[in-house]
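Observations on the three-dimensional arrangement
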Amino acid sequence: MMTLRLHCFRFSIFRSRRYLRSLGCLSFLALLVGCVNQCEVPFPPSSFIDKMRILAIQAEPPEVTPGQPVKLRFLAVDSKGIVPSTGFLPFPSCLSDGGPADPSALWVGCLPGVGPVEDSSRSCTDFSFVSGASDGGVADAGGADAGGGIDLSKFQITSPPCGVSVSWQTPAAYLNPLNVEEQTKGREAVMVLSARIQGLDQVSFKRVRLSKREPPKQNTNPRFLGVTMGGMEVDCCDERNPDACKPHEIPADASIEIRARIDPQSQDLLPTPLPDQPREDISIVWFTNAGEFNRQSTVLSGKNNPKNSPWPTWFPTDFQGKPLPEGTQATLVAVAQDFRGGIGWMVCRLRLGPPKKTEAVPD
């Protein structure tokens with residue numbers, strides 16, 4: 001009898017737990033449905049710029065032969081638009097007794113291992129951070145043989161390692177320990193950017209491929225040729241002088257389709273092309289500090305007879321659907337990336353003018 005009662009007790013607990021679990025699911029669904037009907041959207045979409053963000057880091061070129069210099073720059077934005085290049089302190093004013101100054105941007109280069117393949121999957125063997133000298137010399141790069149046989153003191157940074165634009169270079173013999181196949185495949189160095197502005201810090205990463213691939217087969221950055229809004233060519237600019245481009249004015253109650261043109265020569269042939277896809281895909285992602293998009297990205301296919309995804313439309317409403325007032329100025333940023341490390345960007349501006357004039361309809 002005792003055993004029977006115990007089994008019944010266990011069954012009762014199991015049934016109760018299952019009931020409570022089902023009740024919890026129903027409660028959650030009811031809450032979700034209620035929120036869809038009544039709650040405001042709690043978070044803005046990723047396309048909305050409401051704080052300081054590093055949207056993109058570009059390495060020019062994105063794939064290099066060891067010993068070839070790489071120029072690094074980045075695109076910083078905040079709720080007001082683009083943070084100008086002059087907004088970050090140069091060396092040595094970027095450093096203070098308490099660490100990085102505000103605003104500042106510090107760079108660190110990180111090399112992966114170049115031993116056997118099974119050992120090179122580890123994260124970086126060492127960090128090379130040159131504190132900088134005015135003549136481009138090396139102050140302290142971690143010491144010889146700190147990176148698995150690579151003398152980090154041979155690293156070159158032709159400008160100090162802080163600011164919007166710096167140059168970085170690996171030793172020419174970096175890939176020599178690898179066989180020919182692995183040298184062609186290469187390794188990915190990691191650039192670490194630590195940016196500080198108005199008390200906010202952000203750490204971002206950029207990969208740079210080091211290979212001995214033939215230069216025509218090395219990756220290049222996608223290049224913008226222009227942007228059209230509603231079928232009209234608009235004036236765009238870059239982060240060096242983001243206020244130089246004239247805002248494109250549209251009615252305060254109008255939406256507008258946005259398209260970007262990429263130089264077809266910068267849509268590289270793949271090193272090992274597929275039968276139906278000789279060129280790389282390029283994704284164009286959009287961001288704005290005012291208004292919203294119905295879609296955030298477009299993929300330019302590298303296939304034969306490509307079928308590109310639709311272009312976005314910009315709407316003069318905030319992310320909660322409320323109309324923006326007349327006179328609002330919006331910064332729009334298009335970032336193109338090719339999935340192999342290549343990247344580029346374009347900055348455009350919009351201004352909301354008077355609403356469309358509507359004719360009175362007789363009763």
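Since this is a predicted model, take the numbers as computed values, not measurements. (Residues numbered from 1 in each chain as written. Predicted model: local features only at pLDDT ≥ 70, side-chain atom pairs only at ≥ 80, totals over all residues. Heavy atoms only, no water.)

1. What about the side chain of D78?
Relative to the helices and strands, D78 is located in strand 3 (residues 70-78). Reaching out from D78, the side chain makes a polar contact with the backbone nitrogen of K80 at a distance of 3.0 Å. (Helix = DSSP H or I, 4+ residues; strand = E, 2+ residues; numbered from the N terminus. Polar contact = N/O pair within 3.5 Å; in protein donor to acceptor, adjacent residues only side chain to side chain.)

2. Examining the packing of aromatic side chains
Taken as a whole, this structure holds four aromatic pairs when the rule is applied. When the ring of F48 is compared with that of F319, the centres are 5.8 Å apart and the planes differ by 45 degrees; the resulting orientation is tilted. Of this pair, F48 sits in the loop between helix 1 (2-38) and strand 1 (53-60) while F319 sits in the loop between strand 22 (313-315) and strand 23 (329-337), and the two are 271 residues apart along the sequence. We classify F48 as buried; its relative accessible area is 17%. Looking at F319, the relative accessible area reads 23%, which means it is partly exposed. Between the aromatic rings of F74 and F88, the centroid separation amounts to 5.2 Å while the plane-to-plane angle is 75 degrees, which identifies the pairing as edge-to-face. Taken together, the residues span a long stretch of sequence, with F74 in strand 3 and F88 in the loop between strand 4 (81-82) and strand 5 (95-96) at a distance of 14 residues. Using a relative accessible area of 1% as the deciding quantity, one classes F74 as buried. An aromatic cluster is present here, built from F74, F88 and W107 joined pairwise through their rings. (Phe/Tyr/Trp six-rings, centres within 6.5 Å; stacked < 30°, edge-to-face > 60°. Buried < 20%, exposed > 50% of the residue type's maximum accessible area, 1.4 Å probe, protein only.)

3. Re the state of the cysteines
In total, this model carries three disulfides according to the counting rule given. Sulfur-sulfur distance for the disulfide between C94 and C162 comes to 2.2 Å. The disulfide joining C94 to C162 has a torsion of about -75 degrees about its S-S bond and is therefore left-handed. Remark: C162 occurs in the loop between strand 8 (126-128) and strand 9 (165-168) and C94 occurs in the loop between strand 4 and strand 5; sequence separation between them is 68 residues. The class for C162 is buried, based on a relative accessible area of 6%. One disulfide in the model links C236 with C348; its S-S distance is 2.0 Å. Its S-S torsion of approximately 90 degrees makes the covalent link between C236 and C348 right-handed. Of this pair, C236 sits in strand 14 (residues 236-237) while C348 sits in strand 24 (residues 343-353), and the two are 112 residues apart along the sequence. A relative accessible area of 19% places C236 in the buried class. (Disulfide = S-S within 2.5 Å.)

4. Some details on the pattern of salt bridges
A complete count under the given rule lists 11 salt bridges for this structure. Note that R207 and E188 form a salt bridge whose closest N and O atoms lie 2.9 Å from each other. Highlighted residues: R207 in strand 11 (residues 200-210) and E188 in strand 10 (residues 187-197), separated in sequence by 19 residues. Linking D201 and R196 is a salt bridge whose minimum nitrogen-to-oxygen distance equals 2.7 Å. A cluster of three or more residues bridged by salt bridges with shared partners is formed by E188, R207 and R209. (Salt bridge = Lys/Arg side-chain N within 4 Å of Asp/Glu carboxyl O.)

5. A short note on the sheet that holds strand 20 (residues 292-293)
Ordered in space as 13-12-16-22-20, the five strands form an open sheet in which the pairing is antiparallel. Strands with a single pairing partner mark the edges of an open sheet, and in this sheet they are strand 13 (232-233) and strand 20. In terms of strand pairing, strand 12 (residues 224-229) meets strand 16 (residues 256-262) through five bridges, oriented antiparallel. Residue pairing for strand 16: G226 is matched across the bridge by R261. (Pairing = 2+ DSSP bridges.)

6. A look at the confidence of the model for the protein chain
When pLDDT is averaged across the protein chain, the result is 78; 74% of the residues are at 70 or more. For residues 1-21, every residue scores under 50 in pLDDT, and the model assigns this stretch zero contacts once sequence neighbours within four places are set aside. Note that residues 117-155 has pLDDT below 50 and, in this model, 75 contacts with residues that lie over four places away or in other chains. (pLDDT = per-residue confidence, 0-100. Contact = heavy atoms within 4.5 Å.)

7. Quick word on the environment of D78
Relative accessible area serves as the criterion here: at 14%, D78 is assigned to the buried category. In sequence terms D78 and M52 are 26 residues apart; their C-alpha atoms lie 4.1 Å from each other. Not counting the four nearest positions on each side in its chain, D78 is found in contact with I49, K51, M52, V83 and N289.

8. Some thoughts on unusual backbone geometry
That bond from F91 to P92 is cis: its omega, 0 degrees, falls within 30 degrees of zero. As for its position among the elements, P92 is in the loop between strand 4 and strand 5. D102 connects to P103 through a cis peptide bond whose omega is 5 degrees. Its location among the elements puts P103 in the loop between strand 6 (99-100) and strand 7 (104-111). Even without a glycine there, the phi angle at N305 is positive, about 50 degrees.

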